[in-house]
Amino acid sequence: MNNTKTAQHISPRLELINISKQYPGCLANDNISLSLMPGEIHALLGENGAGKSTLVKTIYGVVAPDTGQLIWDGKEIEIKSPSTARELGIGMVFQHFSLFETLTVSQNIELCLSKPQLASIGNLAEKIRQLSQEYGLNIDPHRYVHSLSIGERQRVEIMRCLVQSVKLLILDEPTSVLTPQEVSGLFSVLRTLAKEGCSILFISHKLHEVTEICEKATILRGGKVINTCSPADETSHSIAKMMVGDLAEQDAGYSKKEGTEVRFQIHDLSLSTQHPFGTSLKHINLELKAGEILGIAGVAGNGQDELMAIISGEDSRPVNAHLTMKNQPIGNLKTATRRQFGMAYVPEERLGRGAVPDMSLTENTLLTHSQGFIKYGLVQWKQLKDYAKQLISDYSVKCHGEFSEAKSLSGGNLQKFIMGREIGQRPDVLICAHPTWGVDVGAALAIHQALLELRDQGAAILLISEDIDELFLLADRMAAVCDGYLSPIVRTQDTNIDQIGQWMAGTFINNQQHDADMLQETTA
Amino acid sequence: MDADFIAQILFSAIKTGTPLLFIALGEVICEKSGVLNLGQEGMMLMGAVVGFLAAYSTGNMAFGVLAAMAMGCVMSLIFGVLVLHLGANQVATGLALTIFGTGLSAFVGSDFVGKTIQGFNPIPIPYLSSIPYLGKILFEHDLLVYLSFIMTVLIMYVTNKTRLGLTLKAVGENPNAANAIGIKVLRVRYLAIMFGGAMTGIAGAYMSLVYTPMWAENMTAGRGWIALALVVFASWRVGRIMLGAYLFGLASIMHLVLQGFGWTISTNLLAMLPYVATVFVMVIISADKFKEKLLAPRSLGKPFDPRHMA
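The sections below set out a description of the structure shown in this document. (Residues numbered from 1 in each chain as written. Chains lettered and ligands numbered in written order. Predicted model: local features only at pLDDT ≥ 70, side-chain atom pairs only at ≥ 80, totals over all residues. Heavy atoms only, no water.)

What follows concerns the overall build of chain A. Looking only at helices and strands, chain A has 19 helices and 23 strands in total. Here chain A, with 524 residues, has 53% of them falling under the buried criterion. Summed over all atoms, the accessible surface of chain A reaches about 23000 Å², with 50% contributed by carbon and sulfur. (Helix = DSSP H or I, 4+ residues; strand = E, 2+ residues; numbered from the N terminus. Buried < 20%, exposed > 50% of the residue type's maximum accessible area, 1.4 Å probe, protein only. Areas by Shrake-Rupley, 256 points an atom, 1.4 Å probe, with all protein chains shown as cover.)

Residue and element names in this part refer to chain B. If you walk through the whole model with that rule in mind, you get six aromatic pairs over all chains. Each ring, one from Phe52 and one from Tyr56, has its centre 5.8 Å from the other, and the planes form 20 degrees; the classification is stacked. A residue pair is termed a helical-turn pair when its members lie 3 or 4 positions apart in one helix, as Phe52 and Tyr56 do in helix α2 (residues 40–58) at four residues. Among the residues examined, Tyr56 registers a relative accessible area of 33% and is labelled partly exposed. The structure contains a cluster of three or more aromatic residues connected by ring pairs, namely Phe52, Tyr56 and Phe112. It is Lys136 that lies over the ring of Phe11; its NZ or CZ is 4.4 Å from the centre. (Phe/Tyr/Trp six-rings, centres within 6.5 Å; stacked < 30°, edge-to-face > 60°. Lys NZ or Arg CZ within 6 Å of the ring centre and 35° of its normal.)

Within the secondary structure layout, Asn413 of chain A lies in helix α15 (residues 411–423). Not counting the four nearest positions on each side in its chain, Asn413 of chain A is found in contact with Ser396, Val397 and Lys398 of chain A. (Contact = heavy atoms within 4.5 Å.)

Close approach of charged atoms lets side chains of opposite charge pair. Residues and elements named next belong to chain A. Going through the model one piece at a time under the given rule, you end up with 27 salt bridges over all chains. Between Asp358 and Lys407 there is a salt bridge, with its nearest N and O atoms 2.6 Å apart. Remark: Lys407 occurs in the loop between α14 (381–394) and α15 and Asp358 occurs in the loop between β16 (343–346) and α12 (361–368); sequence separation between them is 49 residues. For Glu422, the salt bridge is made with Arg421, and the minimal N-O distance between the two is 3.1 Å. For Glu422, a relative accessible area of 0% puts it in the buried group. One salt-bridge network, in which partners are shared between bridges, spans Lys257, Arg455, Asp456 and Asp476. (Salt bridge = Lys/Arg side-chain N within 4 Å of Asp/Glu carboxyl O.)

This part takes up empty space enclosed by the protein. All names here are of chain A. In total, this model carries three cavities of 30 Å³ or more according to the counting rule given. Estimated volume of the largest cavity: approximately 70 Å³. Within the residue set of the lining of the largest cavity, elements represented by two or more residues are β6 (90–93) and α6 (150–163). Per-class residue counts for the lining of the largest cavity are six nonpolar, two polar and three charged. The calculated volume of the second largest cavity comes to roughly 40 Å³. Lining the second largest cavity, in full, are Arg86, Gly89, Ile90, Gly91, Cys161, Gln164 and Val166. Taken together, the residues of the lining of the second largest cavity sort by class into three nonpolar, three polar and one charged. (1 Å grid on protein atoms, 1.4 Å probe; cavity = no way out; pocket = protein on both sides within 12 Å on 5 of 7 lines; lining within 4 Å. Points joined across faces, edges and corners; volume = space filled by probe spheres on them. Nonpolar A, V, L, I, M, F, W, Y, C, P; charged D, E, K, R; others polar.)

Turning our attention to the sheet that holds strand β14 (residues 323–325) of chain A. Backbone hydrogen bonds hold the strands of a sheet together, and the pairing may be parallel or antiparallel. Residue and element names in this part refer to chain A. Strand order in this open sheet of four strands is β12-β11-β14-β15, and the pairing throughout is antiparallel. Bordering the open sheet on either side are β12 (281–289) and β15 (328–329), each of which pairs with just one other strand. Note that strand β11 (residues 262–271) and β12 share six bridges and pair antiparallel. Of the residues in β12, the one forming a bridge with Leu271 is Leu281. (Pairing = 2+ DSSP bridges.)

Here we take up the environment of Thr335 of chain A. Residue and element names in this part refer to chain A. Summarising the element assignment, Thr335 is placed in helix α11 (residues 335–340). In this structure, the C-alpha to C-alpha distance between Thr335 and Ser316, residues 19 residues apart in sequence, is 8.3 Å. Those residues in contact with Thr335 that sit more than four places away from it in its chain are Ser312, Gly313 and Glu314. At 3.4 Å, the side chain of Thr335 forms a polar contact with the backbone oxygen of Gly313. (Polar contact = N/O pair within 3.5 Å; in protein donor to acceptor, adjacent residues only side chain to side chain.)

Our next topic: the interface of chain B and chain A. Many structure descriptions define interface size as the accessible area lost when the parts assemble. Counting residues at the interface gives 21 residues for chain B, matched by 27 residues for chain A. With both sides pooled, the region where chain B packs onto chain A buries about 2100 Å², and carbon together with sulfur makes up 63% of that total. Summed over the shared surface of chain B and chain A, the result is one salt bridge. Close ionic contact of Arg298 of chain B with Glu101 of chain A constitutes a salt bridge, the shortest N to O distance being 3.0 Å. Our count for the contact surface shared by chain B and chain A stands at six residue pairs in polar contact (both at pLDDT 80 or more). Of all the elements in the fold, those that place two or more residues in the side of chain B that touches chain A are α7 (163–173), α8 (175–180) and α15 (289–295) of chain B. Per-element accounting of the side of chain B that touches chain A gives the leading share, six residues, to α7 of chain B. For the side of chain B that touches chain A, a count of residues per class yields eleven nonpolar, four polar and six charged. (Buried area = accessible area lost by both parts, 1.4 Å probe.)

One finds Phe100 and Leu111 of chain A together with Leu25, Ile183, Leu209, Leu230 and Ile241 of chain B to be the most contacted residues of the largest nonpolar core, which totals 85 residues. Examining the composition of this core, we find that 14 residues originate from one element, helix α9 (residues 185–211) of chain B, more than from any other. Among all residues touching Leu230 of chain B, those that are not within four sequence positions of it are Leu20, Ala24, Ile241, Gly244, Ala245 and Phe248 of chain B. By size, the runner-up hydrophobic cluster in this structure holds 48 residues, among which are Tyr135, Val156, Leu169 and Val210 of chain A. (Core = buried A, V, L, I, M, F, W, Y, C linked by side-chain atoms within 4.5 Å.)

Residue and element names in this part refer to chain B. Counting through the fold element by element, Ile117 comes out in the loop between α4 (90–108) and α5 (134–138). In this structure the C-alpha to C-alpha distance between Ile117 and Trp215, which are 98 residues apart in sequence, comes to 9.5 Å. Leaving out residues up to four positions away in the same chain, Ile117 has contacts with Phe52, Ala55, Tyr56, Met61, Ser208, Leu209 and Pro213.

For the rest of this paragraph, the subject is the sheet that holds strand β3 (residues 41–45) of chain A. All names here are of chain A. In spatial order, the strands read β6-β7-β8-β3-β9-β10; together these six strands make up an open sheet with mixed pairing. What marks the edges here is a single partner per strand, and that holds for β6 and β10 (224–229). Shown here is a sheet whose adjacent strand axes are inclined to one another by a mean of 20 degrees, direction ignored. Across four bridges, β3 lies against strand β9 (residues 216–221) in parallel orientation. What sits directly across from Leu45, in β9, is Ile219. Strands β3, β7 (168–172) and β8 (199–204) of the sheet are contacted by helix α7 (residues 180–195), whose axis makes an angle of about 150 degrees with β8. (Axes fitted to C-alpha atoms, helices over the stretch in contact; angles between N-to-C directions.)

This is the structure:
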């Protein structure tokens, strides 16, 4: 903010002056000012709920600000809709991709272009190929999007902006879904773009990435600009402090444990997927010991969902002895029976899987705690309510009360509640996906503590996550999934982020084995 | 059984299938945009009664058809406002529309029951209609049947070859993404719903002006429902909808065919054929989970509110 006065001779590409946006019950943006030069890579940092998304949606014309000015290339403007934004040359790559899976790459891109733009391009497929080569994106215009990997889809989104000769590119947490190798590919594309004069606004909360690629960073907290700095002059620690305030001290690491006896096992499990865009599981072998956390890394869509479904019993195909728990086969048991046997389960999808949206927190508690709170076939509402209240206060779940509907909670708060509910069962085996995804730092800390406590009491915990940093922090042993294969399992101390990254990209997959599986799949 | 008899049966199958074809063509556009309108039966009855009234009082058949189209649009607009703007449940609203239309059409048409008019005359197309057998089957129909041929080709072209078709598919698959790239989702859905209403209005007019040129309470006899089944039966493909409409048409005149063989089967049993066929097809589609998910519009029946974007 200070250096806007020192008036460079080039004028900023985009200037925001005192942008405010009020939502019912929360001031999402509070007098935010920001300026972006041509060719600048600018990070927008902040915790969940700090107002980053609202701010970029304002720039992209999805949200209208209550007050404040937007100045684009020196002229004050009003961006009423995403199409106005795109006409100006503002492109955005969304966190949850806005692609149409049943259309091809080139059809997806065509939909974003106005008729004159399309006419000036001529042969769109040819243009895509040419840009693809120029920036090393490696995209085939005629492929259907549902057949693309997550990394490829992101490149399609970037391509969509490139085709429109973008002047400002906004990326909303672009790296959260990529392998470390894909991240470096993305960064080189961004650097090329910046060199050509394109401004880039980069939302992230991964500090090391920000220090690596961004020249400037604006830090938001509670809807306000806390600071604008050059990441190069700061340490990760000092930036983290600005993001979260002084409340939470980030813990450097937790102690690692060796597990004891094998509590849960998967033996040579191969299973074809039942979803058109799914991944088949191939020869999965895994031993989960009592008193350990086993972390499974992997980019979304590499078989995690299928693995979760078969372990929990949601996928009800009998796999009998391929799954054993406490030395007994459980592969033919129903979900409820598995739970009674001591398994607890936190699915990735919170609303709809982890909790019923239209039911109160009390009722949602009952769903997995039916044992303790039912007497003579009647629900013990008093005890149940007290227990739900207890969970709400123990995990500091922000809500109106135990009667609140699950859907009225924010994602992070609901996650805290679900984690609490499952941990509260004192399970022998806990299967858990993305435990702190979308949860703020303070609450994540509480969830981490609860998981570690559960481990120390002797539970076996299987942790499936896309967040490598978290896995390194929590897991005692680690593996990665890629294309339905599970990598070897190693102790966390004996590996590093590079190796796990390689595994996430599938370097451990034996080619001959892979070919044999492909053959089997096509003949089956 | 000779070839003339078969030609006669196929000719009748097309005639019987035409109202189904109109409704299903409209509904497939509506469903491709992600909206399920179960109000077809009610809209069709309103189209039939208004079409009949307009044609009866003016003596102008074309005016009757236009009035029926307009009525269909109005009915579908009511539906559109309720589900798109007020966020009402699509299934419940559609059912309500059917009940509403059934009652209102009976009320409006009560003075006209039993009156008859001179319906559309068949217009044989020169040259084409003299092709042996084929000419008899395809080219000796009335104007509305020819219109249904044209609409089929037109809709096939628009959905498969144009940007409009691409936009429609995008809105039905992922309205949030469509909104994010600047497509006006609600506008597309309104237009798709109203197109569906207009087509259903024509289907109603076809019943009361051509098929049986008169008005009787509940004269559509469940055709709106059969057409809804037809869209699923055809797995949202326009070409298959045409084929399916004539198959269903054939099924509903089957008792006549069988009488030709000297068999008698209860017409009530035969009336089940389209539904049985639809259930059968749905079972086949659902057996292949891969296909099922690629065929149906992904956001069918799910409301979209641009003010509450995630």
